[in-house]
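Now for the letters of each chain:
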Amino acid sequence: MAPFCEECRWNFLTGTATSYTPIAPPPQAQRPSAPPPGFPAAPPGPGPAAPQDPFGYHDSRPSQVNRPAEPLGAEPTHHQAPPRAAADDDWVLSPPSQAQPPQPQAPQGWTAYVGPDRDYFMAMMRRSGPEASGLNLPAYAPPKQLPLRGNQVSIGRRRHSTGEAPDIDLAVPPEDPGVSHQHAVLVQQPDGSWAVVDQNSTNGTTVNGGEEPIQPYVPVQLQDGDRVHVGAWTTITVRRG
């Protein structure tokens, strides 16, 4: 719909070739004059062009100039949102370290101290008949020490004919003649403590200077420092630790 061709200068209105000189733009203070008759009105001129920003400094996105190289396939860091700890922007803190429950201590070991006991010997002589008149308390016998281990510890005298010997052998000098070959047993309890069981011995077993012997085959609980009396003069004191 132009009035002439810019290549060959042919004027479509006059039917002849003519030259065309662009009309100088009017000053800003003056309004543009109306176009000559036969020419369409010129569209309103565009406003002042916005300054070009070849490097995108004024773009809403960060500039891509002088950015460090990123690994292939990696998302641009400016596209990644900062990690959030949890909903509502609340950081989840690690729970405080819970104190470990105290570990159960291994039960302390027990030890048996074996030796002649004058007080027990005198009390036994008062209860005995004339057959005990020939017994004499050993002049000196150092106490023996035996750690209590295992489930039970046997008390008695060795059989010389068979060689069978209990854990606490009272046949060694000074031999206690009032002790049976299978006299009593110390039995470990579930809590680590110990009990004494008489094996239906001839002269019986007493505890802590008692007058009456304990019942055969009935366990009697022992405490730290308790004394077990067997035979004519032997006392076995059990101690913890």
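Keep in mind that what you see is a predicted model, and the values were worked out from it rather than measured.

Scoring rules and cut-offs
- Residues numbered from 1 in each chain as written.
- Predicted model: local features only at pLDDT ≥ 70, side-chain atom pairs only at ≥ 80, totals over all residues.
- Heavy atoms only, no water.
- Helix = DSSP H or I, 4+ residues; strand = E, 2+ residues; numbered from the N terminus.
- Buried < 20%, exposed > 50% of the residue type's maximum accessible area, 1.4 Å probe, protein only.
- Contact = heavy atoms within 4.5 Å.
- Pairing = 2+ DSSP bridges.
- Axes fitted to C-alpha atoms, helices over the stretch in contact; angles between N-to-C directions.
- Core = buried A, V, L, I, M, F, W, Y, C linked by side-chain atoms within 4.5 Å.
- Polar contact = N/O pair within 3.5 Å; in protein donor to acceptor, adjacent residues only side chain to side chain.
- Salt bridge = Lys/Arg side-chain N within 4 Å of Asp/Glu carboxyl O.

Caption draft 1: Examining the overall build of the protein chain more closely. Broken down by element type, the protein chain carries one helix and 10 strands. The order of helices and strands in the protein chain, counted from the N terminus, is β-α-β-β-β-β-β-β-β-β-β. Taking all 241 residues of the protein chain together, the buried fraction comes to 26%. Taking the contacts inside the protein chain whose residues are at least 6 apart along the sequence as the reference set, 47% of them involve residues at least 24 apart.

Caption draft 2: Just the sheet that holds strand β8 (residues 220–221), in detail. Reading across the sheet, the five strands line up as β4-β3-β5-β6-β8 and stay open at both edges, with mixed pairing between neighbours. Across the chains shown, the open sheet's two edge strands, defined by having one partner strand only, are β4 (168–169) and β8.

Caption draft 3: Local environment of the sheet that holds strand β2 (residues 144–148). Read across the open sheet, the five strands follow the order β2-β1-β10-β9-β7; overall the sheet is antiparallel. On the outer flanks of this sheet lie β2 and β7 (205–207), each paired with one strand and no other. Put simply, the sheet's adjacent strands are angled 25° from each other on average, direction ignored. Examined bridge by bridge, strand β1 (residues 110–116) and β2 share five bridges and lie antiparallel to one another. Bridging from a neighbouring strand, Val114 pairs with Lys144 of β2.

Caption draft 4: Inspection of the nonpolar core at higher detail. Leu148, Ile155, Ile168, Leu186 and Val196 are the most contacted members of the largest nonpolar core, which has 20 residues in total. For this core, the secondary-structure elements that each account for two or more residues are β1, β3 (152–156), β5 (182–188), β6 (194–198), β9 (227–230) and β10 (234–240). Those residues within four positions of Leu148 in sequence are excluded, and the remaining contacts are Trp110, Thr111, Ala112, Val153, Leu186, Trp194 and Val238. One finds Tyr120, Met124, Leu137 and Ala232 within the second-largest nonpolar core, a separate group that totals six residues.

Caption draft 5: Just the side chain of Asp169, in detail. Relative to the elements of secondary structure, Asp169 occurs in strand β4. Given the relative accessible area of 13%, Asp169 is considered buried. Side-chain polar atoms of Asp169 contact the backbone nitrogen of Ala171, separated by 3.0 Å. Asp169 has contacts with Gly156, Arg157 and Arg158, leaving out every residue within four places of it along the chain.

Caption draft 6: How the structure looks around the pairing of β9. Bridge count for β7 against β9 is three bridges, and the pairing is antiparallel. If you follow Thr205 over to β9, its bridge partner there is Val230. With four bridges joining them, β9 and β10 adopt antiparallel strand pairing. Its bridge partner being in β10, Val228 is matched across the sheet by Ile236. Between β9 and β10, which pair antiparallel and follow one another directly, the connecting turn spans three residues, one of which, Gly231, has a positive phi of 70°.

Caption draft 7: The arrangement of the pairing of β10 in detail. Judged by how many residues are buried, β10 sits mostly within the fold: five of seven residues are covered. Summarising the sheet, β1 and β10 pair through seven bridges and their orientation is antiparallel. Bridge pairing in β10 places Ala112 opposite Val238.

Caption draft 8: Structural detail: the pattern of salt bridges. Under the criterion given, the structure shown has three salt bridges. A salt bridge links Arg158 to Asp169, with the shortest nitrogen-to-oxygen separation between them at 2.9 Å. One end of the pair, Arg158, is in the loop between β3 and β4; the other, Asp169, is in strand β4, with 11 residues separating them in the sequence.

Caption draft 9: Structural context of unusual backbone geometry. Put simply, Pro173 and Pro174 share a cis peptide bond, and its omega is -5°. For Asn200, which is not glycine, the phi dihedral falls at a positive 60°. Structurally, Asn200 is set in the loop between β6 and β7. Even without being a glycine, Asn208 presents a positive backbone phi close to 55°. The exposure class of Asn208 is partly exposed, given its relative accessible area of 36%.

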